[in-house]
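Geometric and topological summary
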Amino acid sequence: HINLVELEAAVKGLSLEIALGFSDIELRLDSQVVCGWISNVIDNVQRNKIKAVSELLIRRRLNLLKDIVSEYNLKLRKVYVRSEMKDADIFTRIPS
């Protein structure tokens, strides 16, 4: 499930930022769905509506992310970046 992979990358990214000593973090995501899930769980806005086979795994990752932000007192900004605007994806856009 692509959104689960994106969410897992966000958790790993946060862990790396913490290991490097950062506490003011900008999380850049190219999935509006994942960005919304994270915003909802971090900001306690509403319960996420997840309809996927991996719903339990997604909810666990979201709760882990929320716990990490809380435990390390992180300032987390979530930013949606369209795929075509991501520098990391530049090589996937080379004309053939």
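Reference entry: report on the structure contained in this document.

Cut-offs applied
Residues numbered from 1 in each chain as written. Predicted model: local features only at pLDDT ≥ 70, side-chain atom pairs only at ≥ 80, totals over all residues. Heavy atoms only, no water. Helix = DSSP H or I, 4+ residues; strand = E, 2+ residues; numbered from the N terminus. Buried < 20%, exposed > 50% of the residue type's maximum accessible area, 1.4 Å probe, protein only. Contact = heavy atoms within 4.5 Å. Salt bridge = Lys/Arg side-chain N within 4 Å of Asp/Glu carboxyl O. Expected span 1.5 Å × (residues − 1). Arc of directions from axis to C-beta.

On to the environment of Ile58, then. With respect to the helices and strands, Ile58 occurs in helix α3 (residues 55-71). Owing to a relative accessible area of 0%, Ile58 belongs among the buried residues under this scheme. Expressed as a C-alpha distance, the spacing of Ile58 and Val5, which sit 53 residues apart in the sequence, is 9.4 Å. Other than its neighbours up to four places away in sequence, Ile58 contacts His1, Leu4, Leu7, Trp37, Ile50 and Ala52.

What follows concerns the pattern of salt bridges. A full pass over the atoms with the stated rule returns 5 salt bridges. Its salt-bridge partner being Arg77, residue Asp24 comes within 2.4 Å of it at the nearest N-O pair. Of this pair, Asp24 sits in strand β1 (residues 24-29) while Arg77 sits in strand β2 (residues 75-80), and the two are 53 residues apart along the sequence. The class for Arg77 is partly exposed, based on a relative accessible area of 33%.

The next subject is the environment of Glu55. Of note, Glu55 is situated in helix α3. A relative accessible area of 29% places Glu55 in the partly exposed class. The spacing of Glu55 and Leu4 is 51 residues in sequence and 9.0 Å in space, taken between C-alpha atoms.

Attention shifts here to helix α1 (residues 2-19). A rise of 1.5 Å per residue sets the reference length of α1, with its 18 residues, at 26 Å; its end C-alpha atoms lie 26 Å apart and thus fit the reference within 8%. Buried within α1 are the following residues: Asn3, Leu4, Glu6, Leu7, Ala10, Val11 and Leu14. For α1, the arc enclosing every buried residue in end-on projection is 165°, short of the 170-degree limit, so these residues lie on one face. Seen from the buried face of α1, the exposed residues on the opposite side, beyond 90 degrees, are Ile2, Val5, Lys12, Leu16 and Ala19. Packing partners of the buried residues in α1 comprise β1, α2 (32-43), α3 and β2.

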